[in-house]
There are 2 protein chains.
Amino acid sequence: MSATASSSPKRDHLMATAWRLFYRDGIRAVGIDTILAEAGVAKMTLYNHFASKEELIIAILETRDVEFRESLMAQVNAAGHNPEKRLLAVFDWLENWFATESFKGCVFIRAASEYPEPTHPIHQAAWRHKIAVQAILTDLCAAAGATDPVTLATAFSLLIDGAVIAAHATQTTNPARSARTTAAALLQLAQPSAA
Amino acid sequence: MSATASSSPKRDHLMATAWRLFYRDGIRAVGIDTILAEAGVAKMTLYNHFASKEELIIAILETRDVEFRESLMAQVNAAGHNPEKRLLAVFDWLENWFATESFKGCVFIRAASEYPEPTHPIHQAAWRHKIAVQAILTDLCAAAGATDPVTLATAFSLLIDGAVIAAHATQTTNPARSARTTAAALLQLAQPSAA
DNA sequence: CACAAAATATACAGACCTGTCTATTTTCTT
DNA sequence: AAGAAAATAGACAGGTCTGTATATTTTGTG
């Protein structure tokens, strides 16, 4: 059984448990033994599914990236066909997220913070998520008729990450509305049809 | 000798060494022994100046907060008396910072990421810095004639933190310019005199 | 010089860390 | 039911962590 094998019940359970503890307390702060005790799984089972703690972490980040984007797109699609509404739905999704009881910031920002060296595999896994989200934003900006979708999406990306930081620090959802209001204003400016 | 005593050569040297290693590798990643070996200082000297590693960390964050704001204000003041130029100088300062060879993001964001629990003393020390910077931004926005300085400063704060995250992930200074351009547009919108 | 304060080296405690090894038991498939 | 695959318990290695204790040496000051 390769260490890069995919889905199995035990493997999924380990990842879910580790994810919860990493997100709650920090990655470096949580040891393997803690995860195993919480999951009720033997140590060798973990090391049969993952080559190391680092591979477990990266597998979790990649899974979370997919789930994150699926959740985001679900809310965007629920906003209907109006391109502007779809774009601004990103910030409503943000507000829902911030309102989550267990909200403790963005695991990708936090992982990149804990592993600050840009060449580190964990840092790069976190970075890949940022790029993927940026691509979504660019598509939404283009659909909304922005003259320069990349530039607008970049600005939105800054607002979103800034809002996540602020929401974590203040433990409030307000930054989502601040970001949304600002984003709406920028969208107006970036639409030539609005002139 | 109280553990909260202030400046002494050994104490300063320990803080400078610890700061450099914490910023380079992460707070949890750097042990006391590593700091002591790098600084060439005995362990008891550290524990005579600081009650614990946690107190050392907090002392460093508080010192960095002061230095950070002094550096920022120096560039703002160097921009002269024009309120708009002073406000936008914040983003020039940001670009200079990002261009630093050792740039690895914002230590306050990273400390809050490593100690995600909002009630943790380290998390709160990081948060206090954010509030202090926000106050500076609000003053600058008010001086620039914004109708709602608090709201504009909040938007700027999101852009700044987002830019820091992006600059760390991409290892480029571009996010500073993206943030600056966006900020300039928002400033125009927020000035009634520009209508 | 003499005394006091600061810093030193060194050892130690007790806990935690990741990862490995072995032998046994459970589970699944045929 | 039988054999193969997966998971188990538990010990263990070798290192690291924070913080303490002690005895000695350096440093600065009157």
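Small disclaimer: the values here were computed from a predicted structure and weren't measured. (Residues numbered from 1 in each chain as written. Chains lettered and ligands numbered in written order. Predicted model: local features only at pLDDT ≥ 70, side-chain atom pairs only at ≥ 80, totals over all residues. Heavy atoms only, no water.)

Colleague: How do you make sense of the nonpolar core when you look at a structure like this?
Modeller: For soluble globular proteins, nonpolar side chains are generally found buried alongside one another. In terms of nonpolar packing, the biggest core is built from 138 residues, with A:Leu94, A:Trp97, A:Phe156, B:Leu94, B:Trp97 and B:Phe156 touching the most fellow members. Beyond its immediate chain neighbours, meaning those up to four positions away, A:Leu94 contacts A:Ile160, A:Ala163, A:Val164 and A:Ala176. (Core = buried A, V, L, I, M, F, W, Y, C linked by side-chain atoms within 4.5 Å. Buried < 20%, exposed > 50% of the residue type's maximum accessible area, 1.4 Å probe, protein only. Contact = heavy atoms within 4.5 Å.)

Colleague: Explanation requested: the relation of the copies chain B and chain A in the structure shown.
Modeller: Both copies of the chain are placed relative to one another by a rotation about an axis and a shift along it. Mapping chain B onto chain A leaves a residual RMSD of 0.0 Å; the transformation is a rotation of 180 degrees accompanied by 0.0 Å of translation along its axis. Taken together, the rotation angle and the small translation identify this as a two-fold axis. Among all residues of chain B, the minimum C-alpha distance to the rotation axis is found for B:Gly162, at 2.2 Å. A share of 100% of interface residues in chain B that are also interface residues in chain A marks the association as one of identical surfaces. (Least-squares fit on C-alpha atoms with pLDDT ≥ 70 in both.)

Colleague: Whenever I open this one, empty space enclosed by the protein confuses me. Can you help?
Modeller: Over the atoms rolls a probe the size of a water molecule, and in doing so it shows where empty space is left. All told, the structure shown has six cavities of 30 Å³ or more when counted by the stated rule. There is about 330 Å³ of room inside the largest cavity. Around the largest cavity, the lining comprises 31 residues; the ones closest to its centre are A:Ile165, B:Cys106, B:Ile109, B:Lys130 and B:Asp161. If you list the elements that add at least two residues to the lining of the largest cavity, you get helix 6 (107-114) and helix 8 (149-170) of chain A together with helix 4 (53-78), helix 5 (83-98), helix 6 (107-114), helix 7 (121-143) and helix 8 (149-170) of chain B. It is helix 7 of chain B that provides the largest number of residues to the lining of the largest cavity, a total of eight residues. Its residues assigned to classes, the lining of the largest cavity shows 21 nonpolar, seven polar and three charged. Approximately 180 Å³ is the volume attributed to the second largest cavity. (1 Å grid on protein atoms, 1.4 Å probe; cavity = no way out; pocket = protein on both sides within 12 Å on 5 of 7 lines; lining within 4 Å. Points joined across faces, edges and corners; volume = space filled by probe spheres on them. Helix = DSSP H or I, 4+ residues; strand = E, 2+ residues; numbered from the N terminus. Nonpolar A, V, L, I, M, F, W, Y, C, P; charged D, E, K, R; others polar.)

Colleague: Got a minute to help me understand the protein's contact with DNA strand D in this structure?
Modeller: As a matter of local geometry, DNA strand D sits amid 16 residues, with A:Thr45, B:Ile32, B:Lys43, B:Tyr47 and B:Lys53 nearest to it. Of what DNA strand D places within 4 Å of the protein, 56% of the atoms are sugar or phosphate. At 3.1 Å, a backbone N or O of A:Ala42 approaches a phosphate oxygen of DNA strand D. B:Lys53 is positioned such that a nitrogen or oxygen atom in its backbone is 2.9 Å from a phosphate oxygen of DNA strand D. (Near = heavy atom within 4 Å. Polar contact = N/O pair within 3.5 Å; in protein donor to acceptor, adjacent residues only side chain to side chain.)

Colleague: Teacher, can you tell me more about the pattern of salt bridges here?
Modeller: A side chain with one charge can pair with a side chain of the opposite charge if their charged atoms come near. Residues and elements named next belong to chain B. For the coordinates displayed, the defined rule picks out 20 salt bridges over all chains. A salt bridge links glutamate 67 to arginine 64; the nearest nitrogen and oxygen atoms lie 2.7 Å apart. Of this pair, glutamate 67 and arginine 64 both sit in helix 4, three residues apart, roughly one helical turn. Taking the relative accessible area as the measure of exposure, glutamate 67 reaches 37% and is therefore partly exposed. (Salt bridge = Lys/Arg side-chain N within 4 Å of Asp/Glu carboxyl O.)

Colleague: Any chance you could explain the packing of helix 5 (residues 83-99) of chain A against helix 9 (residues 174-190) of chain A here in plain terms?
Modeller: The relative placement of two packed helices is expressed as an angle between their axes plus a distance between the axes. Residue and element names in this part refer to chain A. Packing of helix 5 against helix 9 leaves a shortest axis separation of 9 Å and a crossing angle of 170 degrees. Accordingly, the angle class assigned to the pair helix 5 and helix 9 is roughly antiparallel. Read as a crossing pair, helix 5 and helix 9 show a hand that is right-handed. Each of Glu84, Leu87, Leu88, Phe91, Asp92, Leu94, Glu95 and Phe98 in helix 5 lies in contact with helix 9, whose residues at this interface are Pro175, Ala176, Arg177, Ala179, Arg180, Ala183, Ala184, Leu187 and Gln188. For the contact of helix 5 with helix 9, the residue count by class is eleven nonpolar, one polar and five charged. (Axes fitted to C-alpha atoms, helices over the stretch in contact; angles between N-to-C directions. Parallel < 35°, antiparallel > 145°, perpendicular 65-115°, else oblique. Left-handed = near helix turned anticlockwise from the far one by under 90°.)

Colleague: Just to check I follow, could you spell out helix 7 of chain B for this structure?
Modeller: Taking 1.5 Å per residue, 23 residues should reach 33 Å; helix 7 of chain B reaches 34 Å between its end C-alpha atoms and fits that length. Downstream of helix 7 of chain B by a residue or two, B:Gly145 has a phi angle that is positive, lying close to 85 degrees. (Expected span 1.5 Å × (residues − 1).)

Colleague: So what exactly am I meant to see when it comes to the interface of chain B and chain A here?
Modeller: Interfaces are frequently sized by the accessible area removed from exposure as the parts join. With 37 residues of chain B in contact, the opposing surface of chain A contributes 38 residues. Taking both partners together, chain B and chain A bury about 2900 Å²; carbon and sulfur atoms supply 75% of that area. Connecting chain B to chain A are two salt bridges. Across the pair A:Lys104 and B:Glu117 runs a salt bridge, and its minimum N-O distance is 3.4 Å. The tally of links between chain B and chain A comes to seven residue pairs in polar contact (both at pLDDT 80 or more). (Buried area = accessible area lost by both parts, 1.4 Å probe.)

Colleague: Whenever I open this one, the protein's contact with DNA strand C confuses me. Can you help?
Modeller: Inspection of the region around DNA strand C gives 16 residues, with A:Ile32, A:Lys43, A:Met44, A:Lys53 and B:Thr45 positioned closest. When the atoms of DNA strand C within 4 Å of the protein are sorted by group, sugar and phosphate make up 55%. One nitrogen or oxygen atom from the side chain of A:Tyr47 is found 3.0 Å from a phosphate oxygen belonging to DNA strand C. With respect to DNA strand C, the side chain of B:Thr45 contributes an N or O atom lying 2.6 Å from a phosphate oxygen. Grouping the constituent residues of the surface near DNA strand C by class yields seven nonpolar, five polar and four charged.

Colleague: How should I be thinking about the domain arrangement of chain A in this particular structure?
Modeller: Residue and element names in this part refer to chain A. Here the domain parsing of chain A yields domain 1 (1-51) and domain 2 (54-194). Computed from C-alpha atoms alone, the centre-to-centre distance between domain 1 and domain 2 is 27 Å. The interface of domain 1 with domain 2 comprises 17 residues on the first partner and 17 residues on the second. The three residues of domain 1 that bury the most area against domain 2 are Trp19, Tyr23 and Ile27, which together make up 46% of that side's buried surface. Where domain 1 packs against domain 2, one counts zero salt bridges. A per-element tally of the side of domain 1 that touches domain 2 places helix 1 (residues 9-25) first, with eight residues. Class assignment for the residues of the side of domain 1 that touches domain 2 results in eleven nonpolar, two polar and four charged. (Domains from an automatic or database assignment.)

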